[in-house]
Amino acid sequence: MAALHLHKKVILSLFGSFFLLIFFMMYFQTNRNPKFDDTIHQQKYLNNNIRPNGNINSELHTLSKDWFSENCLSKFAKDDMKFELIEEYINSFKNSNNKNCNAVYSIFDSLFELDISYGEIRLDEKFLEKVKIWLNNNPDYVKQAYKQKIIKIYNKFHSDEMIYNPLRGKRPQAKQIVSEKNHTLKVIEDSKTGCDFCEQNYKINTANEIFDRLESRLSYSAANTFKYDKWHSLIVSRNHNPLYLKEEEIADMYNMGLDWFKKVNSIDPSAIYPELIWDAMPKSGASQIHTHLQVSMDDKNYYGVLRRWLDASEKYYGKFKRDFLDDFILIHKALGLAYELNNCYVIFNLIPLKDNEVLIVGNNDPKSFATINKLTYQIIRIFVDILEQYSFSTGMHFPIFGETNKDYDPSKLEKIFSKILFRSPVANLRSDFNGLDLFTSSVIGIDRYVLANRVFQELDKFQKK
């Protein structure tokens, strides 16, 4: 009996060891891969629909800009980065011994194509003297003129491309004959006379939608008399001056835009693709000086540019099972070209349309939208008050409207993002776009790092106020 009892104990011990082994195998199998942040937050969507918000990508995205600077770009001074060294920065991620740095390089290589080439010229002595004057007799610049570095960056998914030659930004520029600020203020002041949008004039000088116009203390809506889509209206600020708006005035216009989207969708549920644009001053294409946004909704898809972004997001997810915008943010954060506030980002895109383009990205929830409004106000103040840029165009993307209780879809553009492009001087006869921009690639003349660092320093000052 004792032997039988011992035999049973051995069998039970073996079974216990077996199940313990299975447990440990399952545990290590689960934890051998990097963790993914699969937390789904039920948040109130801006149009009062409930939409989960999440991030399917790894904890790599939670690392800070400073972490990447210290661990992947440690041999470069973070306050003295130059876009002409972008290849060295990318290779630093590639050749690092840190797996997170390597992962960033892999994602960069998935999204972008970087090409470096050199264009050589000969200069005779007489013309060389003129070139030296153009380059302020800087011997380094003169040396570079003989063999010029050309940087091309191409987005593999929405097919945008940027060309940058550091020397092009040092070419002589036409001098302004008049003061930009004085000219701008005079144009704005003169335009107040007989303005269709000022005071109560809008009630007799603007059209109405088929529903009653929306109104608040700071803004109102008006149908666009000459539409570019079935649903197309204006959101008009009661402040005539588009360059000197208060933060609450910008927020009120944007929030009324959301109210307009909601109203249209309640009348026409097929209208689910919202877009918002804002041109300030004639140089940007604005037909009226008075502050106004354009809002529209389509029932088939986003318009061309944003449709390309949506297509890119779907293709990227289809190929890598990763969120396009999350990885896009990650790359710019890792390279030091992103500024974070409340989980929203100001980004100096590797491939801007033109030099003074800023991208603001945030999640699709009320807190993020409020932060986007705040950052929009701050960016406008920095460019107008400090960088003296007096005209801009902006466009804002919103996720597909009206979908209720649907899981976060990483193949879609599930974030809100806004592009702000500050245009050429308002008194300048020269256009800010040329044949290269229209028919080839965006040609950039200002170092992205120099501009980004200047703006980020000013943003820090705003947050300390």
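Residues numbered from 1 in each chain as written. Predicted model: local features only at pLDDT ≥ 70, side-chain atom pairs only at ≥ 80, totals over all residues. Heavy atoms only, no water.

Comments concerning the overall build of the protein
So, step 1. Assigned secondary structure in the protein consists of 14 helices and 15 strands.
So, step 2. For the protein, buried positions account for 50% of its 465 residues. (Helix = DSSP H or I, 4+ residues; strand = E, 2+ residues; numbered from the N terminus. Buried < 20%, exposed > 50% of the residue type's maximum accessible area, 1.4 Å probe, protein only.)

Considering the environment of K354
So, step 1. By secondary structure assignment, the location of K354 is in the loop between strand 11 (344–347) and strand 12 (357–363).
So, step 2. On a C-alpha basis, the gap between K354 and D437 in space is 8.3 Å, while along the polypeptide they are 83 residues apart.
So, step 3. There is a polar contact of 3.0 Å between the side chain of K354 and the side chain of D437. (Polar contact = N/O pair within 3.5 Å; in protein donor to acceptor, adjacent residues only side chain to side chain.)

Quick look at the state of the cysteines
So, step 1. The full count for this structure, using the stated rule, is one disulfide.
So, step 2. The disulfide bridge from C72 ends at C101, spanning 1.9 Å between sulfur atoms. One quick way to see it: the torsion about the S-S bond of C72 and C101 is about -85°, and its sign makes the bridge left-handed. With C72 in the loop between helix 2 (65–71) and helix 3 (86–94) and C101 in helix 4 (residues 99–111), the pair connects residues that are 29 residues apart, well separated along the chain. (Disulfide = S-S within 2.5 Å.)

A few points about the packing of aromatic side chains
So, step 1. All told, the structure shown has 31 aromatic pairs when counted by the stated rule.
So, step 2. Between F261 and F398, the ring centres sit 5.3 Å apart and the planes meet at 65°, which makes this aromatic pair edge-to-face. Residue F261 is found in helix 9 (residues 247–267), and its partner F398 is found in the loop between strand 13 (392–397) and strand 14 (415–422); the two are separated by 137 residues along the sequence. Here the two residues F261 and F398 agree in accessibility, since each one is buried. (Phe/Tyr/Trp six-rings, centres within 6.5 Å; stacked < 30°, edge-to-face > 60°.)

Some points on the sheet that holds strand 15 (residues 442–444)
So, step 1. In space, the four strands of this open sheet follow the order 3-4-5-15, with mixed pairing throughout. At either end of the open sheet lies a strand with only one pairing partner, and these are strand 3 (112–120) and strand 15. Each strand of the sheet is rotated relative to its neighbour by a mean of 20°, with strand direction disregarded.
So, step 2. In the sheet, strand 3 pairs with strand 4 (residues 147–155) via nine bridges, with the strands oriented antiparallel. Within strand 4, the position partnered with L114 by the bridge is I153.
So, step 3. Where helix 4 meets the sheet, its contacts fall on strand 3 and strand 4, and the angle it forms with strand 3 comes to roughly 75°. (Pairing = 2+ DSSP bridges. Axes fitted to C-alpha atoms, helices over the stretch in contact; angles between N-to-C directions. Contact = heavy atoms within 4.5 Å.)

Topic: the nonpolar core
So, step 1. Counting residues in hydrophobic clusters, the biggest one holds 106 residues, and the most contacted among them are W260, W278, V346, L350 and I379.
So, step 2. With nine residues, helix 12 (residues 366–386) is the single largest residue contributor to this core. (Core = buried A, V, L, I, M, F, W, Y, C linked by side-chain atoms within 4.5 Å.)

A look at the sheet that holds strand 14
So, step 1. One open sheet accounts for nine strands, arranged 6-7-9-8-13-14-12-11-10; its pairing is antiparallel. Strands at the two margins of the open sheet, each flanked by one partner only, are strand 6 (219–223) and strand 10 (338–341). Averaged over all pairs of adjacent strands, the angle between their axes in this sheet comes to 20°, without regard to strand direction.
So, step 2. Where helix 9 meets the sheet, it contacts strand 6, strand 7 (231–237), strand 8 (273–280), strand 9 (292–298) and strand 13, and its direction lies at approximately 25° from that of strand 9.
So, step 3. Against the sheet, helix 11 (residues 324–334) makes contact with strand 10, strand 11, strand 12 and strand 14, and its axis sits at roughly 60° relative to strand 11, the strand it touches most.

What to know about the layout of surface pockets
So, step 1. When its volume is computed, the second largest pocket comes out at roughly 840 Å³.
So, step 2. Taken together, 36 residues line the second largest pocket, and the ones lying closest to its centre are V305, W309, L353, E357 and K419. (1 Å grid on protein atoms, 1.4 Å probe; cavity = no way out; pocket = protein on both sides within 12 Å on 5 of 7 lines; lining within 4 Å. Points joined across faces, edges and corners; volume = space filled by probe spheres on them.)

With respect to the pattern of salt bridges
So, step 1. For the structure shown, the criterion picks out 19 salt bridges.
So, step 2. In this structure, the salt-bridge partner of K300 is D299, at a minimum N-O distance of 3.4 Å.
So, step 3. The closest approach of N and O atoms between K419 and E357, which form a salt bridge, is 3.8 Å. In this pair, K419 sits in strand 14 while E357 sits in strand 12, placing the two residues 62 residues apart along the sequence.
So, step 4. Accessibility expressed as a relative area gives 22% for K419, which makes it partly exposed. (Salt bridge = Lys/Arg side-chain N within 4 Å of Asp/Glu carboxyl O.)

Here we look at the side chain of S442
So, step 1. Along the polypeptide, S442 turns up in strand 15.
So, step 2. On the basis of relative accessibility, which here comes to 9%, the residue S442 falls in the buried class.
So, step 3. With near-sequence residues (within four places) excluded, S442 lies in contact with E161, M162, I163, P352, L353 and D437.

Re the environment of N208
So, step 1. Considering the arrangement of structural elements, one finds N208 in the loop between helix 8 (202–205) and strand 6.
So, step 2. What makes N208 partly exposed here is its relative accessible area of 47%.
So, step 3. In this view, N208 contacts R213 and A223; residues no more than four positions away in its chain are not counted.
So, step 4. A distance of 3.0 Å separates a polar atom in the side chain of N208 from a polar atom in the side chain of R213.

Describing the pairing of strand 4
So, step 1. Here four bridges tie strand 4 to strand 5 (residues 161–164), and the two strands are oriented antiparallel to one another. When the sheet's bridge partners are listed, Y154 is paired in strand 5 with E161.
So, step 2. Counted along the chain from strand 4 to the antiparallel partner strand 5, the turn is five residues long, and its residue S159 has a positive phi close to 65°.

Things to note about the side chain of N349
So, step 1. Within the fold, N349 resides in the loop between strand 11 and strand 12.
So, step 2. Judged by its relative accessible area of 3%, N349 is buried.
So, step 3. N349 has contacts with F328, H332, E357, K419 and R448, leaving out every residue within four places of it along the chain.

Structural notes on a nonpolar patch on the surface
So, step 1. Together, F127, I133 and W134 give the surface a local cluster of nonpolar side chains, amounting to about 310 Å² of exposed area.
So, step 2. Judged by relative accessible area, which is 37%, F127 ranks as partly exposed. (Patch = residues over 30% accessible without salt bridge, like charges linked within 9 Å, V, L, I, M, F, W, Y side chains within 5 Å. Areas by Shrake-Rupley, 256 points an atom, 1.4 Å probe, with all protein chains shown as cover.)

Focus: helix 3
So, step 1. For helix 3, every residue scored as buried is listed here: I86, Y89, I90, S92 and F93. End-on view of helix 3: buried residues confined to an arc of 150°, all on one side of the axis. (Arc of directions from axis to C-beta.)

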